Amino acid sequence: MKYYSTNKKVSGETLEAAVIKGLAADGGLFMPETIKTLPRSFYENMENLSLQEIACRVAEAFFGEDIPSDTLKNIVCDTLNFDIPVVRMKENIYSLELFHGPTLAFKDVGARFMARLSGYFIRKKGAGQVNVLVATSGDTGSAVANGFWGVDGIRVFVLYPEGKVSEIQEKQFTTLGRNITAIEVDGTFDDCQALVKSAFMDGELNEKLKLTSANSINVARFLPQAFYYFYAYAQMKRLGKADDLVICVPSGNFGNLTAGLFAKRMGLPVKRFIAANNRNDIFLQYLKTGKYMPRPSIATIANAMDVGNPSNFARILDLYGGSHSAISAEISGKAYTDDQIRETIGTAYKETKYVLDPHGACAYRALCEELLPGESGVFLETAHPAKFRHTVEEVIGEEVKVPERLAAFMKGEKQSVPMSKDFQAFKSYLMSL
Ligand SMILES: *Cc1c(COP(=O)(O)O)cnc(C)c1O
(Lines give C-alpha, C1' and ligand atoms only; values in the text may rest on other atoms or scores of the structure.)
Protein backbone atom coordinates (compact mmCIF):
# COMPACT_ATOMS: atom_id res chain seq x y z
CA MET A 1 0.00 0.00 0.00
CA LYS A 2 1.25 3.43 -0.85
CA TYR A 3 0.60 6.50 1.27
CA TYR A 4 0.04 10.12 0.31
CA SER A 5 0.03 13.24 2.43
CA THR A 6 -3.07 15.27 3.29
CA ASN A 7 -1.10 18.31 2.07
CA LYS A 8 -0.88 16.58 -1.33
CA LYS A 9 2.77 17.42 -2.01
CA VAL A 10 3.98 13.94 -1.06
CA SER A 11 2.70 10.65 -2.47
CA GLY A 12 3.78 7.11 -3.21
CA GLU A 13 5.46 6.55 0.18
CA THR A 14 5.76 2.99 1.51
CA LEU A 15 4.21 1.89 4.79
CA GLU A 16 7.69 1.61 6.24
CA ALA A 17 8.49 5.21 5.31
CA ALA A 18 5.15 6.44 6.63
CA VAL A 19 5.70 4.68 9.96
CA ILE A 20 9.31 5.74 10.38
CA LYS A 21 8.68 9.33 9.32
CA GLY A 22 5.39 9.80 11.19
CA LEU A 23 4.59 13.12 9.53
CA ALA A 24 5.02 13.65 5.77
CA ALA A 25 7.79 15.99 4.60
CA ASP A 26 5.19 18.59 3.54
CA GLY A 27 3.80 18.68 7.08
CA GLY A 28 0.68 16.67 6.17
CA LEU A 29 -0.60 13.41 7.58
CA PHE A 30 -0.22 10.15 5.73
CA MET A 31 -3.29 8.53 4.20
CA PRO A 32 -3.47 5.13 2.48
CA GLU A 33 -4.08 5.46 -1.26
CA THR A 34 -6.96 3.01 -1.09
CA ILE A 35 -9.26 1.90 1.66
CA LYS A 36 -10.26 -1.68 0.96
CA THR A 37 -13.80 -2.79 1.62
CA LEU A 38 -14.22 -6.12 3.35
CA PRO A 39 -16.51 -8.75 1.82
CA ARG A 40 -20.12 -9.09 2.86
CA SER A 41 -19.47 -12.64 4.12
CA PHE A 42 -17.12 -11.18 6.73
CA TYR A 43 -19.76 -8.81 8.06
CA GLU A 44 -22.45 -11.47 8.02
CA ASN A 45 -20.40 -13.85 10.11
CA MET A 46 -18.64 -11.40 12.37
CA GLU A 47 -20.45 -12.18 15.59
CA ASN A 48 -18.88 -15.62 15.53
CA LEU A 49 -15.32 -14.33 15.34
CA SER A 50 -13.00 -13.50 18.22
CA LEU A 51 -11.45 -10.08 18.76
CA GLN A 52 -8.15 -11.38 17.41
CA GLU A 53 -9.76 -12.92 14.34
CA ILE A 54 -11.61 -9.73 13.53
CA ALA A 55 -8.51 -7.61 14.09
CA CYS A 56 -6.42 -9.88 11.85
CA ARG A 57 -8.87 -9.44 8.97
CA VAL A 58 -8.87 -5.69 9.38
CA ALA A 59 -5.08 -5.51 9.76
CA GLU A 60 -4.71 -7.63 6.62
CA ALA A 61 -6.74 -5.05 4.67
CA PHE A 62 -4.51 -2.22 5.88
CA PHE A 63 -1.09 -3.81 6.04
CA GLY A 64 -1.33 -7.16 4.24
CA GLU A 65 0.51 -5.97 1.14
CA ASP A 66 3.49 -4.87 3.20
CA ILE A 67 3.87 -7.35 6.06
CA PRO A 68 4.11 -11.15 5.79
CA SER A 69 0.86 -12.67 6.95
CA ASP A 70 2.38 -14.65 9.87
CA THR A 71 4.26 -11.63 11.16
CA LEU A 72 1.17 -9.48 10.97
CA LYS A 73 -0.87 -12.09 12.79
CA ASN A 74 1.72 -12.22 15.57
CA ILE A 75 1.77 -8.45 15.87
CA VAL A 76 -2.03 -8.34 16.14
CA CYS A 77 -2.25 -11.17 18.67
CA ASP A 78 0.60 -9.75 20.80
CA THR A 79 -1.08 -6.37 20.75
CA LEU A 80 -4.52 -7.60 21.73
CA ASN A 81 -3.76 -9.91 24.62
CA PHE A 82 -6.62 -8.50 26.69
CA ASP A 83 -10.40 -8.26 26.59
CA ILE A 84 -12.65 -5.50 25.33
CA PRO A 85 -15.92 -6.03 27.21
CA VAL A 86 -19.24 -4.60 26.13
CA VAL A 87 -21.33 -3.55 29.12
CA ARG A 88 -25.02 -2.69 28.99
CA MET A 89 -25.77 0.53 30.79
CA LYS A 90 -29.41 1.01 29.97
CA GLU A 91 -31.92 0.38 27.23
CA ASN A 92 -30.01 0.50 23.93
CA ILE A 93 -26.90 2.13 25.42
CA TYR A 94 -23.72 0.14 25.79
CA SER A 95 -20.19 0.88 26.94
CA LEU A 96 -17.30 -0.58 24.98
CA GLU A 97 -14.55 -0.73 27.58
CA LEU A 98 -11.29 0.00 25.86
CA PHE A 99 -9.29 0.36 29.04
CA HIS A 100 -8.23 -3.18 29.84
CA GLY A 101 -4.72 -2.91 28.40
CA PRO A 102 -1.48 -2.59 30.39
CA THR A 103 -1.87 1.13 31.15
CA LEU A 104 -5.67 0.98 31.37
CA ALA A 105 -6.04 3.42 28.46
CA PHE A 106 -7.48 2.81 25.02
CA LYS A 107 -4.25 4.04 23.47
CA ASP A 108 -2.54 0.81 24.50
CA VAL A 109 -3.72 -0.92 21.33
CA GLY A 110 -2.34 1.66 18.91
CA ALA A 111 0.87 2.09 20.87
CA ARG A 112 1.55 -1.62 21.20
CA PHE A 113 0.77 -2.23 17.56
CA MET A 114 3.02 0.58 16.43
CA ALA A 115 5.88 -0.54 18.70
CA ARG A 116 5.76 -4.04 17.25
CA LEU A 117 5.39 -2.89 13.67
CA SER A 118 8.26 -0.41 13.84
CA GLY A 119 10.35 -2.99 15.72
CA TYR A 120 9.77 -5.31 12.75
CA PHE A 121 10.89 -2.69 10.23
CA ILE A 122 13.98 -1.81 12.25
CA ARG A 123 15.04 -5.45 12.65
CA LYS A 124 14.41 -6.16 8.97
CA LYS A 125 16.60 -3.30 7.88
CA GLY A 126 19.22 -3.54 10.59
CA ALA A 127 18.79 0.23 10.67
CA GLY A 128 20.23 2.34 13.46
CA GLN A 129 18.46 3.92 16.38
CA VAL A 130 15.00 5.38 15.83
CA ASN A 131 13.81 8.14 18.14
CA VAL A 132 10.13 8.37 18.91
CA LEU A 133 8.86 11.77 19.97
CA VAL A 134 5.47 11.88 21.57
CA ALA A 135 3.52 14.78 23.05
CA THR A 136 1.03 13.83 25.71
CA SER A 137 -1.73 15.41 27.73
CA GLY A 138 -1.74 12.30 29.87
CA ASP A 139 -2.71 8.95 28.47
CA THR A 140 -0.71 8.86 25.25
CA GLY A 141 2.56 9.12 27.15
CA SER A 142 1.87 6.15 29.35
CA ALA A 143 0.52 3.96 26.57
CA VAL A 144 3.38 4.76 24.20
CA ALA A 145 6.09 4.51 26.87
CA ASN A 146 4.78 1.15 28.02
CA GLY A 147 4.19 -0.10 24.49
CA PHE A 148 7.76 0.67 23.43
CA TRP A 149 9.46 -0.13 26.71
CA GLY A 150 12.48 -2.35 26.11
CA VAL A 151 12.03 -2.50 22.30
CA ASP A 152 15.53 -2.69 20.80
CA GLY A 153 16.65 0.12 18.54
CA ILE A 154 13.97 2.58 19.67
CA ARG A 155 14.34 5.46 22.11
CA VAL A 156 11.17 7.22 23.28
CA PHE A 157 10.91 10.85 24.41
CA VAL A 158 7.63 11.71 26.11
CA LEU A 159 6.91 15.45 26.21
CA TYR A 160 4.30 16.48 28.74
CA PRO A 161 3.04 19.76 30.24
CA GLU A 162 4.38 20.29 33.73
CA GLY A 163 1.67 20.10 36.39
CA LYS A 164 -1.10 19.34 33.90
CA VAL A 165 -1.25 15.56 34.01
CA SER A 166 -2.51 13.52 36.92
CA GLU A 167 0.04 11.99 39.29
CA ILE A 168 -0.81 8.48 38.23
CA GLN A 169 -0.49 9.35 34.54
CA GLU A 170 2.86 10.99 35.19
CA LYS A 171 4.13 7.97 37.09
CA GLN A 172 3.27 5.71 34.19
CA PHE A 173 5.83 7.29 31.89
CA THR A 174 8.38 8.88 34.23
CA THR A 175 9.27 5.77 36.19
CA LEU A 176 10.09 3.29 33.45
CA GLY A 177 13.70 4.11 32.61
CA ARG A 178 15.65 2.10 30.00
CA ASN A 179 14.75 3.45 26.54
CA ILE A 180 12.10 5.87 27.86
CA THR A 181 12.84 9.54 28.72
CA ALA A 182 10.21 11.91 30.08
CA ILE A 183 10.55 15.59 29.13
CA GLU A 184 8.68 17.94 31.44
CA VAL A 185 7.77 21.04 29.45
CA ASP A 186 7.08 24.41 31.05
CA GLY A 187 3.93 25.00 28.97
CA THR A 188 0.67 23.45 27.76
CA PHE A 189 -0.07 20.32 25.78
CA ASP A 190 -0.28 22.43 22.63
CA ASP A 191 3.26 23.66 23.33
CA CYS A 192 4.42 20.05 23.62
CA GLN A 193 2.72 19.18 20.36
CA ALA A 194 4.28 22.24 18.69
CA LEU A 195 7.76 21.21 19.88
CA VAL A 196 7.31 17.76 18.37
CA LYS A 197 6.04 19.19 15.09
CA SER A 198 8.94 21.67 14.88
CA ALA A 199 11.41 18.86 15.52
CA PHE A 200 10.00 16.87 12.60
CA MET A 201 10.25 19.88 10.32
CA ASP A 202 13.82 20.79 11.32
CA GLY A 203 16.32 19.81 8.60
CA GLU A 204 19.40 19.76 10.78
CA LEU A 205 17.81 17.58 13.46
CA ASN A 206 16.51 15.11 10.92
CA GLU A 207 19.93 14.76 9.39
CA LYS A 208 21.42 13.84 12.72
CA LEU A 209 18.62 11.71 14.17
CA LYS A 210 15.97 9.41 12.81
CA LEU A 211 12.83 10.91 14.32
CA THR A 212 9.31 9.59 14.30
CA SER A 213 6.05 10.27 16.05
CA ALA A 214 3.88 7.96 18.10
CA ASN A 215 0.99 10.39 18.31
CA SER A 216 -2.08 9.44 16.36
CA ILE A 217 -0.58 11.22 13.38
CA ASN A 218 1.38 7.98 12.88
CA VAL A 219 -0.52 5.55 10.67
CA ALA A 220 0.71 2.57 12.68
CA ARG A 221 -0.88 3.98 15.81
CA PHE A 222 -3.95 5.41 14.27
CA LEU A 223 -5.22 2.70 11.88
CA PRO A 224 -5.32 -0.23 14.37
CA GLN A 225 -7.95 1.69 16.34
CA ALA A 226 -10.36 0.64 13.60
CA PHE A 227 -10.39 -2.79 15.30
CA TYR A 228 -12.59 -1.39 18.06
CA TYR A 229 -15.39 -0.45 15.71
CA PHE A 230 -15.51 -3.79 13.97
CA TYR A 231 -15.47 -5.53 17.31
CA ALA A 232 -18.19 -3.24 18.71
CA TYR A 233 -20.38 -4.00 15.73
CA ALA A 234 -19.81 -7.74 16.10
CA GLN A 235 -20.77 -7.66 19.78
CA MET A 236 -23.86 -5.60 19.10
CA LYS A 237 -24.82 -7.99 16.32
CA ARG A 238 -24.54 -10.83 18.79
CA LEU A 239 -26.97 -8.96 21.04
CA GLY A 240 -29.33 -8.35 18.13
CA LYS A 241 -28.67 -4.60 18.36
CA ALA A 242 -26.58 -3.93 15.28
CA ASP A 243 -29.24 -2.25 13.14
CA ASP A 244 -29.06 1.54 13.13
CA LEU A 245 -25.96 1.48 15.25
CA VAL A 246 -24.62 4.81 16.47
CA ILE A 247 -21.11 5.01 17.90
CA CYS A 248 -20.08 7.86 20.16
CA VAL A 249 -16.41 8.67 20.62
CA PRO A 250 -14.83 10.93 23.24
CA SER A 251 -12.43 12.92 21.09
CA GLY A 252 -9.27 14.97 21.46
CA ASN A 253 -6.98 14.66 18.47
CA PHE A 254 -9.71 12.68 16.67
CA GLY A 255 -7.47 9.71 15.83
CA ASN A 256 -9.90 7.26 17.38
CA LEU A 257 -12.95 8.69 15.64
CA THR A 258 -11.14 8.89 12.31
CA ALA A 259 -10.29 5.20 12.58
CA GLY A 260 -14.02 4.62 12.99
CA LEU A 261 -14.70 6.60 9.83
CA PHE A 262 -12.21 4.36 8.03
CA ALA A 263 -14.09 1.32 9.33
CA LYS A 264 -17.32 2.70 7.91
CA ARG A 265 -15.57 3.32 4.60
CA MET A 266 -14.52 -0.34 4.64
CA GLY A 267 -18.18 -1.29 4.71
CA LEU A 268 -18.86 -1.56 8.42
CA PRO A 269 -22.58 -0.83 8.79
CA VAL A 270 -22.44 1.96 11.38
CA LYS A 271 -25.28 4.40 10.85
CA ARG A 272 -23.51 7.47 12.17
CA PHE A 273 -20.99 8.77 14.68
CA ILE A 274 -21.10 11.29 17.49
CA ALA A 275 -17.96 13.17 18.50
CA ALA A 276 -18.07 14.05 22.20
CA ASN A 277 -15.86 16.86 23.46
CA ASN A 278 -15.12 18.75 26.62
CA ARG A 279 -15.01 22.56 26.42
CA ASN A 280 -12.43 22.27 23.67
CA ASP A 281 -15.17 22.18 21.08
CA ILE A 282 -13.31 23.14 17.91
CA PHE A 283 -14.84 20.27 15.97
CA LEU A 284 -18.37 21.05 17.14
CA GLN A 285 -17.88 24.65 16.03
CA TYR A 286 -16.70 23.39 12.66
CA LEU A 287 -19.86 21.30 12.31
CA LYS A 288 -21.99 24.30 13.21
CA THR A 289 -20.26 26.94 11.09
CA GLY A 290 -18.26 25.12 8.42
CA LYS A 291 -15.18 26.97 9.63
CA TYR A 292 -12.26 25.26 11.26
CA MET A 293 -10.87 27.60 13.87
CA PRO A 294 -8.19 26.09 16.09
CA ARG A 295 -7.56 27.89 19.33
CA PRO A 296 -5.44 27.36 22.45
CA SER A 297 -6.63 24.43 24.52
CA ILE A 298 -8.40 24.87 27.85
CA ALA A 299 -7.58 22.60 30.79
CA THR A 300 -10.51 20.37 31.80
CA ILE A 301 -11.12 17.33 33.99
CA ALA A 302 -11.18 15.21 30.82
CA ASN A 303 -7.60 16.23 30.11
CA ALA A 304 -6.79 13.67 27.41
CA MET A 305 -9.19 15.66 25.24
CA ASP A 306 -7.70 19.09 25.95
CA VAL A 307 -6.74 19.71 22.36
CA GLY A 308 -7.08 23.04 20.61
CA ASN A 309 -6.00 21.96 17.14
CA PRO A 310 -6.97 18.31 16.60
CA SER A 311 -4.31 16.83 14.33
CA ASN A 312 -6.53 14.25 12.65
CA PHE A 313 -8.98 16.87 11.45
CA ALA A 314 -6.82 16.98 8.31
CA ARG A 315 -7.57 13.28 7.76
CA ILE A 316 -11.31 13.76 8.23
CA LEU A 317 -11.34 16.60 5.70
CA ASP A 318 -9.34 14.50 3.25
CA LEU A 319 -11.59 11.49 3.69
CA TYR A 320 -14.67 13.54 2.78
CA GLY A 321 -13.01 15.60 0.06
CA GLY A 322 -13.28 18.70 2.22
CA SER A 323 -17.08 18.61 2.14
CA HIS A 324 -18.67 20.05 5.25
CA SER A 325 -22.06 18.65 4.33
CA ALA A 326 -20.66 15.13 3.81
CA ILE A 327 -18.91 15.31 7.17
CA SER A 328 -22.01 16.62 8.94
CA ALA A 329 -24.12 13.87 7.39
CA GLU A 330 -22.09 11.17 9.16
CA ILE A 331 -20.86 12.89 12.31
CA SER A 332 -22.61 15.08 14.85
CA GLY A 333 -21.02 16.74 17.85
CA LYS A 334 -21.58 17.56 21.49
CA ALA A 335 -19.48 19.39 24.06
CA TYR A 336 -19.66 19.57 27.84
CA THR A 337 -18.32 21.71 30.66
CA ASP A 338 -16.55 20.23 33.65
CA ASP A 339 -19.70 20.68 35.71
CA GLN A 340 -21.74 18.78 33.16
CA ILE A 341 -19.14 16.02 33.09
CA ARG A 342 -19.27 15.72 36.88
CA GLU A 343 -23.03 15.74 36.83
CA THR A 344 -23.04 12.93 34.26
CA ILE A 345 -20.67 10.77 36.29
CA GLY A 346 -22.99 11.27 39.26
CA THR A 347 -26.27 10.53 37.47
CA ALA A 348 -24.90 7.51 35.63
CA TYR A 349 -23.66 6.07 38.90
CA LYS A 350 -26.96 6.68 40.64
CA GLU A 351 -29.01 5.23 37.80
CA THR A 352 -26.86 2.33 36.69
CA LYS A 353 -24.05 1.82 39.25
CA TYR A 354 -21.61 2.20 36.37
CA VAL A 355 -18.53 4.28 37.19
CA LEU A 356 -17.64 6.49 34.22
CA ASP A 357 -14.35 8.30 33.82
CA PRO A 358 -14.58 11.96 32.70
CA HIS A 359 -13.89 11.11 29.02
CA GLY A 360 -16.38 8.29 28.83
CA ALA A 361 -18.85 10.55 30.65
CA CYS A 362 -18.82 13.03 27.75
CA ALA A 363 -19.55 10.23 25.33
CA TYR A 364 -22.21 8.60 27.46
CA ARG A 365 -24.05 11.88 27.88
CA ALA A 366 -23.84 12.72 24.18
CA LEU A 367 -25.27 9.32 23.33
CA CYS A 368 -28.12 9.65 25.85
CA GLU A 369 -28.98 13.06 24.43
CA GLU A 370 -28.65 12.24 20.74
CA LEU A 371 -29.88 8.68 20.30
CA LEU A 372 -33.11 8.52 18.31
CA PRO A 373 -35.92 5.98 18.78
CA GLY A 374 -35.01 2.71 17.07
CA GLU A 375 -31.27 3.30 17.22
CA SER A 376 -28.80 1.42 19.36
CA GLY A 377 -25.77 3.16 20.76
CA VAL A 378 -22.28 2.24 21.83
CA PHE A 379 -19.94 4.71 23.44
CA LEU A 380 -16.24 4.13 23.78
CA GLU A 381 -15.15 4.21 27.42
CA THR A 382 -11.52 5.22 26.90
CA ALA A 383 -10.01 5.23 30.39
CA HIS A 384 -10.39 3.38 33.67
CA PRO A 385 -12.08 5.64 36.25
CA ALA A 386 -9.25 4.97 38.70
CA LYS A 387 -6.98 7.06 36.49
CA PHE A 388 -9.13 10.05 37.41
CA ARG A 389 -9.82 8.85 40.88
CA HIS A 390 -10.02 12.17 42.71
CA THR A 391 -12.54 13.66 40.31
CA VAL A 392 -14.67 10.53 40.23
CA GLU A 393 -14.62 9.83 43.98
CA GLU A 394 -15.60 13.39 44.77
CA VAL A 395 -18.68 12.98 42.62
CA ILE A 396 -19.87 9.51 43.52
CA GLY A 397 -18.87 9.77 47.16
CA GLU A 398 -17.34 6.33 47.15
CA GLU A 399 -13.90 4.90 46.74
CA VAL A 400 -12.82 3.79 43.27
CA LYS A 401 -10.83 0.59 43.40
CA VAL A 402 -7.38 1.04 41.89
CA PRO A 403 -6.41 -2.00 39.84
CA GLU A 404 -3.19 -3.70 40.91
CA ARG A 405 -1.53 -2.86 37.60
CA LEU A 406 -2.06 0.83 38.17
CA ALA A 407 -1.05 0.79 41.82
CA ALA A 408 2.28 -0.82 40.86
CA PHE A 409 3.27 2.29 38.87
CA MET A 410 2.79 4.51 41.92
CA LYS A 411 5.69 2.79 43.67
CA GLY A 412 8.24 3.86 41.03
CA GLU A 413 10.36 7.01 41.28
CA LYS A 414 9.72 9.90 38.90
CA GLN A 415 12.56 10.93 36.63
CA SER A 416 12.19 13.72 34.07
CA VAL A 417 14.17 16.27 32.08
CA PRO A 418 12.88 19.83 32.58
CA MET A 419 12.46 21.77 29.32
CA SER A 420 11.27 25.22 28.25
CA LYS A 421 8.64 25.49 25.51
CA ASP A 422 11.19 27.26 23.33
CA PHE A 423 12.12 25.08 20.35
CA GLN A 424 15.82 26.04 20.37
CA ALA A 425 16.25 24.58 23.85
CA PHE A 426 14.56 21.33 22.83
CA LYS A 427 16.60 21.15 19.65
CA SER A 428 19.90 21.64 21.51
CA TYR A 429 18.91 18.88 23.88
CA LEU A 430 18.21 16.47 21.01
CA MET A 431 21.36 17.50 19.14
CA SER A 432 23.45 16.74 22.21
CA LEU A 433 22.22 13.16 22.53
C1 LIG B 1 -6.47 10.11 23.93
C2 LIG B 1 -7.72 9.99 24.65
C3 LIG B 1 -8.92 10.42 24.10
C4 LIG B 1 -8.99 11.12 22.75
O5 LIG B 1 -8.60 10.29 21.69
P6 LIG B 1 -8.25 10.94 20.26
O7 LIG B 1 -7.92 9.79 19.40
O8 LIG B 1 -7.07 11.84 20.48
O9 LIG B 1 -9.42 11.70 19.83
C10 LIG B 1 -10.08 10.21 24.81
N11 LIG B 1 -10.06 9.64 26.03
C12 LIG B 1 -8.93 9.22 26.60
C13 LIG B 1 -8.98 8.63 27.95
C14 LIG B 1 -7.72 9.38 25.94
O15 LIG B 1 -6.61 8.97 26.53
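Our subject is the structure that appears above.
Worth saying up front: this structure is predicted, and the values here are computed from it rather than measured.

Draft legend 1. Spatial organisation of the site of the ligand. Close to the ligand lie 15 residues, the nearest being Lys107, Gly252, Asn253, Phe254 and Thr382. At 2.9 Å, a backbone N or O of Asn256 approaches an oxygen atom of the ligand. Bound to the protein, the ligand loses 98% of the 380 Å² it would expose on its own. Of the residues contributing to the shell around the ligand, the split by class is six nonpolar, seven polar and two charged.

Draft legend 2. Region of the structure containing the pairing of strand 5 (residues 130-135). The element strand 5 is largely enclosed, with a buried count of six among its six residues. Relative to strand 6 (residues 154-161), strand 5 runs parallel, the two sharing six bridges. When the sheet's bridge partners are listed, Asn131 is paired in strand 6 with Arg155. Taken together, strand 5, helix 6 (residues 139-148) and strand 6 constitute a β-α-β crossover, and its handedness is right-handed. Of the strand pairs in this sheet, strand 5 and strand 8 (residues 210-213) are connected by four bridges, and their pairing is parallel. Bridge pairing in strand 8 links Asn131 to Leu211.

Draft legend 3. Quick look at the sheet that holds strand 10 (residues 272-277). With mixed pairing, six strands are arranged side by side in an open sheet as 3-4-12-9-10-11. The two strands at the open ends of the sheet, each matched to only one other strand, are strand 3 (86-90) and strand 11 (331-335). Strand-to-strand twist in this sheet, taken as the mean axis angle between neighbours without regard to direction, amounts to 25°. Where strand 4 (residues 93-97) lies against strand 12 (residues 376-381), five bridges are found, and the strand directions are parallel.

Cut-offs used in this document
Residues numbered from 1 in each chain as written. Predicted model: local features only at pLDDT ≥ 70, side-chain atom pairs only at ≥ 80, totals over all residues. Heavy atoms only, no water. Near = heavy atom within 4 Å. Polar contact = N/O pair within 3.5 Å; in protein donor to acceptor, adjacent residues only side chain to side chain. Areas by Shrake-Rupley, 256 points an atom, 1.4 Å probe, with all protein chains shown as cover. Nonpolar A, V, L, I, M, F, W, Y, C, P; charged D, E, K, R; others polar. Buried < 20%, exposed > 50% of the residue type's maximum accessible area, 1.4 Å probe, protein only. Helix = DSSP H or I, 4+ residues; strand = E, 2+ residues; numbered from the N terminus. Pairing = 2+ DSSP bridges. Right-handed = clockwise from strand over helix to strand, strands pointing away. Axes fitted to C-alpha atoms, helices over the stretch in contact; angles between N-to-C directions.

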